[in-house]
Amino acid sequence: MDTTYYGHGTPAERWERALMFFDAKDYAAAARVLDGLVEEVPEQTGPRLLLARSYYHSAQLRRAEAELRVLVERDPVEHYARLMLGRTLQRQGRHEEAESHMRIASALAGDFDRLQRP
């Protein structure tokens, strides 16, 4: 497979291309663009989070989990990464493990009603 198109251009151009694919719900293509971009700028949260979301929506759950764990390790209070990690673990049937991330995400979002157990 020729991947030249996915890696062509400046980082800003590739970011725009990835957003275009993501918005068009072509999550696998967005992931192809973002994979190289994340390698190039691993410290940036935006591309890695969009890569994780692209993996999630294209059912590449182990890859999504790996990217989200990097984000949560780097920034434990990154609310959306926590939420996505919890959802990714749920989709893998790992509900018990997901619960702690979902609870932390709720607390970070100020959703304290979710934290109360019935």
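We now turn to the structure provided with this report. (Residues numbered from 1 in each chain as written. Predicted model: local features only at pLDDT ≥ 70, side-chain atom pairs only at ≥ 80, totals over all residues. Heavy atoms only, no water.)

What follows is about helix 6 (residues 79-91). Relative to the 18 Å expected for 13 residues at 1.5 Å per residue, helix 6 spans 19 Å between its end C-alpha atoms, a close match to the ideal helical length. Within helix 6 the residues assigned to the buried category are Ala81, Arg82, Leu83, Met84, Leu85, Gly86, Thr88 and Leu89. Where helix 6 is buried, its residues meet helix 4 (45-57), helix 5 (61-74) and helix 7 (95-109). Of the residues flanking the end of helix 6, it is Gly93, one or two places downstream, whose phi is positive at about 80°. (Helix = DSSP H or I, 4+ residues; strand = E, 2+ residues; numbered from the N terminus. Expected span 1.5 Å × (residues − 1). Buried < 20%, exposed > 50% of the residue type's maximum accessible area, 1.4 Å probe, protein only. Contact = heavy atoms within 4.5 Å.)

Moving on, we get to the packing of helix 6 against helix 7. At a minimum axis separation of 8 Å, helix 6 and helix 7 run at an interaxial angle of 155°. One finds that helix 6 runs roughly antiparallel with respect to helix 7. Considering the relative orientation of helix 6 and helix 7, their crossing is left-handed. On the side of helix 6, the interface is formed by His79, Arg82, Leu83, Leu85, Gly86, Arg87, Leu89 and Gln90, while helix 7 contributes His95, Glu97, Ala98, His101, Met102, Ile104, Ala105, Leu108 and Ala109. The residue makeup of the contact of helix 6 with helix 7, split by class, is nine nonpolar, five polar and three charged. (Axes fitted to C-alpha atoms, helices over the stretch in contact; angles between N-to-C directions. Parallel < 35°, antiparallel > 145°, perpendicular 65-115°, else oblique. Left-handed = near helix turned anticlockwise from the far one by under 90°. Nonpolar A, V, L, I, M, F, W, Y, C, P; charged D, E, K, R; others polar.)

All right, on to the environment of Pro76 then. Within the secondary structure, Pro76 sits in the loop between helix 5 and helix 6. A relative accessible area of 43% places Pro76 in the partly exposed class. Residues Pro76 and Ala29 lie 47 residues apart in sequence; the distance between their C-alpha atoms is 29 Å. Apart from residues lying up to four places away in sequence, Pro76 is in contact with Arg82 and Leu108.

Here we take up unusual backbone geometry. The backbone of Lys25 shows a phi angle near 65°, a positive value even though the residue is not glycine. Even without a glycine there, the phi angle at Ala59 is positive, about 60°. Its place among the elements puts Ala59 in the loop between helix 4 and helix 5.

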